[in-house]
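Here are the chains, one letter per residue:
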Amino acid sequence: MANEKLSRLIEKKREDLTQNWMRMVRSDSRIDSDDLLTRSELRDHVPAILEEICDLLLADETPTPTNTLEGRVKVFLRIQQGYRGLDLAREVCLLRTSVLDFLAEQCSTPDFNADLKTYHSSARIIDRYFDEVLCNAISVYSETADRPPSNDLLDS
Amino acid sequence: MLTQTDFEQLIRSYNEDYVYLLIRASQQSYECLISSFMMLKDLYNVIVKLQDSGKYLFRILPYPLSFRANDELLKKMGFSPEGIDKIYGFLDFVKNTQGQEFEECLEGSVFNLCKAHPGDQPWRTKSSAD
């Protein structure tokens, strides 16, 4: 039930969370790869990722390789955009931080009435989601590392 | 025993089928496309699970099977703005004919598609008990 409430809150604040994350990425001096991206390219799949997280929270479902599709799209696009693996990892970590900060903020408001167990249950799903994204990113970047980051990765 | 070469061939076949289905959607040829995507999703899940087992590598990347807000991906794949509009039009077509979102259809049974109207009962096979 609390996951459901949090899911709706994240859904409602999806745009704010995306904008906040974009500001965090743009102002993080350790991330270089975003310099050449347009606003739309940087933003790309983040709203869809948040939507997918909301769906998982709503269903109280554990993230797995087959239900984290939007995260996989992000990794796929970033490697094609020539993003460095390290920069992608930092981007994903910033998004995780942003969502978990939001979660903590919401759970600590008196009218939300959430205890540590509730927070943990939601945080665990969110955490596992980003773990899956990072695991996929590590696989993709390391297993295709000897090939140029362009369309020929698809080998179609 | 599936070898890495077999695995890569599986990904190549999947990628070809995925592009083919998207081309059909971009040409507004929506007939039987949902069931084709459902079967392709099963193949995609198999590929992802095989790679996740640690026995196979993603030397070739499978296209991520997602339709949500995919402008950047579809542009990268070479679809024109008109083609992209028609691909999104397919999502509306699914909602109108099936009464649910495309992603929900993918999660359901293929027999749910055998309905003349969204409210109809899904088609069933006759069991021996009937």
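Residues numbered from 1 in each chain as written. Chains lettered and ligands numbered in written order. Predicted model: local features only at pLDDT ≥ 70, side-chain atom pairs only at ≥ 80, totals over all residues.

**Some thoughts on the overall build of chain A**
Heads up, the rule is: Helix and strand definitions follow DSSP, with helices as H or I runs of at least four residues and strands as E runs of at least two, each counted in order from the N terminus. Two things to know: the radius of gyration comes from C-alpha atoms, and the globule rule equals 2.2 Å times the number of residues to the power 0.38. Exposure is read from a count of other C-beta atoms within 10 Å of each residue's own; the residue is exposed at 12 or fewer, buried at 20 or more and partly exposed in between. C-beta atoms are placed from the backbone. It is the C-beta atoms, placed from the backbone, that decide contacts: two residues are in contact if theirs lie within 7 Å.
For chain A, the count of helices and strands is 7 helices and 0 strands. Secondary structure of chain A in N-to-C order comes out as α-α-α-α-α-α-α. Rg of the C-alpha trace for chain A: 16 Å, near the compact-globule value of 15 Å for 156 residues, within the 12% margin. For chain A, the residues scored as buried account for 32% of the 156 residues in total. Long-range pairs, those at least 24 residues apart, make up 79% of the contacts in chain A between residues at least 6 apart in sequence.

**Focus: the overall build of chain B**
The helix and strand tally for chain B stands at 5 helices and 0 strands. For chain B, the α and β elements follow one another from N to C terminus as α-α-α-α-α. Every one of the 130 residues in chain B was classed for burial, and the buried ones make up 24%. Pairs at least 24 residues apart make up 59% of the contacts formed inside chain B by residues separated by at least 6 positions.

**What to know about the packing of helix α2 (residues 14-27) of chain A against helix α6 (residues 85-107) of chain A**
Residue and element names in this part refer to chain A. Just so we agree on the cut-off: Every angle, taken between N-to-C directions, lies between 0 and 180 degrees, and every axis is a line fitted to C-alpha atoms, over only the stretch in contact when it is a helix. Angles are sorted into four bins: roughly parallel if under 35 degrees, roughly antiparallel if over 145, roughly perpendicular if 65 to 115, and oblique for all others. By convention, the crossing between two helices is left-handed when the near helix turns anticlockwise from the far helix through less than a right angle, and right-handed when the turn is clockwise.
With their axes 10 Å apart at the nearest point, α2 and α6 run at an angle of 135 degrees to one another. For the element pair α2 / α6, the angle class is oblique. Like other packed secondary-structure pairs, α2 and α6 cross with a definite hand, here right-handed. Contacts from Leu17, Asn20, Trp21, Met24 and Val25 of α2 reach α6 at Glu91, Leu94, Leu95, Ser98, Val99 and Phe102.

**Brief notes about the packing of helix α5 (residues 69-80) of chain A against helix α7 (residues 116-143) of chain A**
Helices that pack against each other are described as a pair by the angle of their axes relative to one another and the distance between those axes. Residues and elements named next belong to chain A. Keep this limit in mind: Basically, the charged four are Asp, Glu, Lys and Arg, the nonpolar ten are Ala, Val, Leu, Ile, Met, Phe, Trp, Tyr, Cys and Pro, and anything else, Gly included, counts as polar.
Two numbers describe how α5 lies on α7: the axes approach to 9 Å, and their chain directions differ by 35 degrees. Taken as a pair, α5 and α7 cross one another with a handedness that is right-handed. Packed against α5, whose contacting residues are Gly71, Arg72, Lys74, Val75 and Ile79, the element α7 presents Tyr129, Glu132, Val133, Asn136, Ala137, Val140 and Tyr141 at the interface. Here the contact of α5 with α7 is composed, by residue class, of 7 nonpolar, 2 polar and 3 charged.

**Looking at the environment of Val73 of chain A**
Mapping Val73 of chain A onto the fold places it in helix α5. With 25 residues separating them along the chain, Val73 of chain A and Ala48 of chain A place their C-alpha atoms 9.7 Å apart. The contacts of Val73 of chain A, once residues within four sequence positions are left out, are His45 of chain A together with Pro64, Ser66, Asn70 and Leu73 of chain B.

**Overview of the interface of chain A and chain B**
Facing the 23 residues of chain A at the interface are 23 residues of chain B. Contributions of two or more residues to the side of chain A that touches chain B are made by α4 (46-59), α5 and α7 of chain A. Among the elements that take part in the side of chain A that touches chain B, α5 of chain A stands out by supplying 7 residues, more than any other. For the side of chain A that touches chain B, the residue count by class is 10 nonpolar, 6 polar and 7 charged.

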